[in-house]
Amino acid sequence: MKTVILIGANGTMGKAALTGLGKHKVITAGRSKGYDFNVDLTDENSIAELYKAVGEFDAVVNTAGMCKYANLKDMTTEQWSTTVNSKMMGQINLVKIGLDYIKDNGSFTLITGILNKKPIPTAIADATTSGAIDTFVQCVAHELPRGIRINSVNPTVLEEAWEVYGEMMPGFQPVPGALVGKAFERSVDGFITGQVLVVDA
Ligand SMILES: NC(=O)c1ccc[n+]([C@@H]2O[C@H](COP(=O)([O-])OP(=O)(O)OC[C@H]3O[C@@H](n4cnc5c(N)ncnc54)[C@H](OP(=O)(O)O)[C@@H]3O)[C@@H](O)[C@H]2O)c1
């Protein structure tokens, strides 16, 4: 059994990830009430405080990443910043800061999303930051010390979120959260590193 910090655990993707972490001690984290610990992944001090408060852990699974949606000509600098600070730099900082705390042979699993591979209108910031994180894990895996691994899970839309996103994603086939949970399980329990685990129908 590993101790796994699951960030964004109460969200749709967090619940999907949880289905793959059944054999572990899962410590939940998010911004609001209802988590074991609070963290704001856009705040480096908050990330460090989370790791200090948890103590020893083997894995970090992140399913949080706020994205703003607009066409390029309408996307404001503030909307770009929100997305970059959360989905990109927030996740990079989880790894950078987490390296000071995670156990030997631990792992980081980050969230991206299919829209960097199958673009749709207005999702340019989500797609761009997902692509950045997929590239980050493929590259940084080569420099992680102490047997520490890193992967990203890049899923298509979840069945559980189809009601919200279905209309903007014509021609996409949603997948069950439990299938995406398997990718999180493969990342945490396997030996792979530097991989983008695409889950598509
Ligand atoms: N849903 C899908 O079908 C799908 C498919 C592919 C990829 N994704 C990606 O998965 C990620 C999560 O999507 P979702 O649908 O699960 O969203 P969601 O249901 O809104 O859940 C988001 C979760 O992230 C947490 N969170 C948000 N900002 C945070 C921050 N700054 N610090 C710490 N925690 C934060 C929220 O915590 P609070 O409860 O405290 O607000 C919540 O638990 C997104 O990046 C999305 O692009 C989603």
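Coordinates for the structure precede this section.
Treat the numbers as computed from the prediction; the structure is a model and nothing was measured.

Conventions and cut-offs
Residues numbered from 1 in each chain as written. Predicted model: local features only at pLDDT ≥ 70, side-chain atom pairs only at ≥ 80, totals over all residues. Heavy atoms only, no water. Helix = DSSP H or I, 4+ residues; strand = E, 2+ residues; numbered from the N terminus. Rg over C-alpha atoms; globule rule 2.2 N^0.38 Å. Buried < 20%, exposed > 50% of the residue type's maximum accessible area, 1.4 Å probe, protein only. Contact = heavy atoms within 4.5 Å. Areas by Shrake-Rupley, 256 points an atom, 1.4 Å probe, with all protein chains shown as cover. Lys, Arg positive; Asp, Glu negative; His and termini not counted. Charge placed at Lys NZ, Arg CZ, Asp CG, Glu CD. Salt bridge = Lys/Arg side-chain N within 4 Å of Asp/Glu carboxyl O. Axes fitted to C-alpha atoms, helices over the stretch in contact; angles between N-to-C directions. Parallel < 35°, antiparallel > 145°, perpendicular 65-115°, else oblique. Left-handed = near helix turned anticlockwise from the far one by under 90°. Nonpolar A, V, L, I, M, F, W, Y, C, P; charged D, E, K, R; others polar.

S.K.: What am I meant to see in the overall build of the chain here?
M.R.: Scanning the chain from terminus to terminus reveals 6 helices and 7 strands. For the chain, the succession of helices and strands along the chain, N to C, is β-α-β-β-α-β-α-β-α-β-α-α-β. For 201 residues, the compact-globule estimate of 2.2 N^0.38 gives 17 Å, and the C-alpha radius of gyration of the chain, at 16 Å, lies within 12% of that figure. Each principal axis of the C-alpha atoms in the chain carries an extent, and together these give about 45 × 35 × 35 Å. A burial count over the chain gives 52% of its 201 residues as buried. Within the chain, counting contacts between residues at least 6 apart in sequence, those at least 24 apart form 66% of the total. By element, 52% of the accessible surface of the chain is carried by carbon and sulfur atoms, the whole surface being about 9,600 Å². Separation of charge centres in the chain, based on 18 positive and 21 negative side chains, amounts to 3 Å.

S.K.: Can you walk me through the pattern of salt bridges in this structure?
M.R.: Where charged atoms from two side chains of opposite charge approach closely, those side chains can pair. All told, the structure shown has 9 salt bridges when counted by the stated rule. Across the pair Lys103 and Asp58 runs a salt bridge whose closest N-O atoms are separated by 3.5 Å. One end of the pair, Lys103, is in the loop between helix H3 (77-98) and strand E5 (107-111); the other, Asp58, is in the loop between helix H2 (44-54) and strand E4 (59-62), and 45 residues separate them in sequence. Here Asp58 falls in the buried class, since its relative accessible area comes to 17%. Across the pair Asp104 and Arg146 runs a salt bridge, and its minimum N-O distance is 2.7 Å. Highlighted residues: Asp104 in the loop between H3 and E5 and Arg146 in the loop between helix H4 (124-140) and strand E6 (149-155), separated in sequence by 42 residues. Residue class for Arg146 comes out partly exposed when judged on its relative accessible area of 35%. Ionic contacts of the salt-bridge type, sharing partners, join the residues Lys23, Glu185 and Asp189 into one network.

S.K.: Please explain the packing of H2 against H3 as it appears in this structure.
M.R.: Any two packed helices are characterised by the angle at which their axes cross and by the distance between the axes. Contact geometry of H2 with H3 gives a least axis separation of 10 Å together with a crossing angle of 45°. Comparing the axis directions of H2 and H3 gives the class oblique. Crossing hand, H2 versus H3: right-handed. Of H3, the residues touching H2 (which contributes Glu44, Ile47, Ala48 and Tyr51) are Gly90, Asn93, Leu94, Ile97 and Gly98. Across the contact of H2 with H3, the residue classes break down as 5 nonpolar, 3 polar and 1 charged.

S.K.: Teacher, can you tell me more about unusual backbone geometry here?
M.R.: Peptide bonds are, in most cases, trans, and in most cases residues other than glycine have a negative phi. Phi at Thr122 takes a positive value of approximately 70°, unusual for a residue other than glycine. Looking at the element boundaries, Thr122 is found in the loop between E5 and H4. The class for Thr122 is partly exposed, based on a relative accessible area of 27%.

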